[in-house]
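Topology and contacts: notes
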Amino acid sequence: MLSIINVSKTYQRGNKEALKNINLDIREGEFTALLGQNGAGKSTLINVLAGNVKKTEGVVKIGGYNLDKNELETKKIIGIVPQDTGYDFVFTIDEALKKQSGYFGIKNNKEYIDELLEALYLTEKRSARLRDLSGGMRRRFLIAKALVHKPKILILDEPTAGVDIEMRHTLYEFLIKLHQSGTTIILTTHYIEEAEKLCNRIVIIDGGRIIADEPKKELMETFSKEVIIEVQFDYELKLADFEFLQEYQPKIEEKTNLKLKVLKKDLSKVLQKLSQKNMEFTNLVVEKPKLEDIYLNIINH
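Here's a quick rundown of the structure. Computed from a prediction, not measured in an experiment: that's the story for all the values here. (Residues numbered from 1 in each chain as written. Predicted model: local features only at pLDDT ≥ 70, side-chain atom pairs only at ≥ 80, totals over all residues. Heavy atoms only, no water.)

So, the pairing of strand β9 (residues 201-206)
Rules: Only protein chains enter the calculation, and the probe is 1.4 Å; a residue is then buried if its accessible area is under 20% of its type maximum, exposed if over 50%, and partly exposed in between. To qualify as a helix, a DSSP run of H or I must reach at least 4 residues; to qualify as a strand, a run of E must reach at least 2; elements of each kind are numbered from the N terminus. Whether two strands pair comes down to DSSP finding at least two bridges between them.
Burial analysis of β9 places five of its six residues in the buried class, the great majority of the element. Direction of pairing for strand β3 (residues 31-35) relative to β9: parallel, over a ladder of four bridges. In the sheet register, Leu-35 faces β9, and the bridge partner there is Ile-204. By the bridge criterion, six bridges tie β9 to strand β10 (residues 209-215) in an arrangement that is antiparallel. Its bridge partner being in β10, Arg-201 is matched across the sheet by Pro-215. Connecting β9 to the next strand, β10, in antiparallel fashion are two residues, including Gly-207 with a positive phi near 60°.

Structure (C-alpha cells):
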C-alpha cells in the first residue's frame, strides 16, 4: 500500500540530514504508530509523503504509484491531517469541504459530507466559519477534510494535540471504526497511550533513522519479561524484613505496600518465598510494562 525505499532528506540550510535512508512498507489495513521525539524526522517524512517536501534520495510508492511520476494519482489515495490547523478561515465547514471535494473532481458529495460531519460531531457547526471554531473542532474538521475524497490511506500528525480528554476519546472511537472499515492509518503522536490503545504496529524513528519496527504485541512481549509486583499488607512494613527478596529490588510505598521488579518466570518463586516466611498479604497486583516504558527504553538505548 505504501513503500518508502532508501529515502533521505537533507535540508540545505544548516546542512541538516533530517531523514537517513528510511525503508518502510505499510500494508493495506494496518494501523501504524510512528513515534519519535521532536526533531526525530516524523513530520519531515509525512511532508515528503504529502508532496510538500522534496526528498533528497530514494523512492516513494503510494498504492503502486511512484510519487515523483504520478503525484496526482497518489494524492487521491492518501489523506493527510497536518499538525497545523491553519486554513482559509473565511469559509464555513460546509463550504470548505465542498471546495476540497471539487479539488478532487468530486461533484454532488453532499451525502458523504453529511456522514463525515455526523461521525465527527460537526453537523451543528456546518455553517460556522472556521475562524470561529475551537481547537478541537478544527482538528475534527481537518480529519473530515482529509477524508472527503475517501482515501485508502489516512495519515494523522498529532491529531489530538491540544484536544481535551473527552474529545480525544471521541476521536479514538471514530478512528477505530474507520480502521475497521478498511482504511489504512498512520498515526504520529506524543501521547504514547494513544498508540498503545489504537495501533497494531509500532515504528520508532530517532535521529532520522528507524530504530524499531515491530507488531505492537511482539514488541511489548519482547520488552515485557520483567513485571512490577505490588504486594499489599495490612500492617506497616520495614525494608529490613525483606532482605530475602533483595534480588527483586524491594521498595516500600505508602508504608504498607511492597514493590518488586520480577521476571515473569520468577513470579511463583517470589510467592513461594513469601509463603515460607509466613507473610500473609491482603492483595497482589501485577503491573506489566506500558508501551511508554518500552518506548523510553528503546530511545534511551
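A closer look at the sheet that holds strand β4 (residues 57-62)
What counts here: Note on contacts: a residue pair is in contact if any heavy atoms of the two residues lie within 4.5 Å. Only the stretch in contact is used when a helix axis is fitted, and all axes are lines through C-alpha atoms; the angle between N-to-C directions ranges over 0 to 180 degrees.
The antiparallel open sheet is built from four strands, whose spatial order is β2-β1-β4-β5. A strand with exactly one partner marks an edge of an open sheet, and here the two such strands are β2 (16-26) and β5 (65-66). The sheet strands contacting helix α1 (residues 42-50) are β1 (2-11), β2 and β4, and the helix crosses β1 at an angle near 115°.

A closer look at the sheet that holds strand β14 (residues 283-287)
Taken in spatial order, the four strands make up an open sheet running β12-β13-β11-β14, and their pairing is antiparallel. On the outer flanks of this sheet lie β12 (251-253) and β14, each paired with one strand and no other. Going from strand to strand, the sheet's axes swing by 25° on average, the running direction of each strand aside. Across seven bridges, the pairing between strand β11 (residues 226-232) and strand β13 (residues 257-263) is antiparallel. Within β13, the residue paired with Glu-230 across the bridge is Lys-259. Most of the contacts of helix α9 (residues 267-276) go to β13, to which it runs at about 140°, and overall it touches β11, β13 and β14.

Observations concerning the pattern of salt bridges
Pairing of side chains with opposite charge becomes possible as their charged atoms draw close. Selection criterion: When a carboxyl oxygen of Asp or Glu lies within 4 Å of a side-chain nitrogen of Lys or Arg, that pair is called a salt bridge.
All chains considered together, the criterion is met by 17 salt bridges. Glu-30 is the salt-bridge partner of Arg-27, the closest N and O atoms lying 2.9 Å from each other. Of the residues examined, Glu-30 reaches a relative accessible area of 11% and is grouped as buried. Residue Lys-259 is joined to Glu-230 by a salt bridge in which the shortest nitrogen-to-oxygen separation is 3.9 Å. Here Glu-230 lies in strand β11 and Lys-259 lies in strand β13, a separation of 29 residues in the sequence. For the pair formed by Lys-259 and Glu-230, the shared burial category is buried. Look at the salt bridges and you will find they share partners, linking Asp-94, Lys-98, Lys-110, Asp-114 and Arg-126 into a network.

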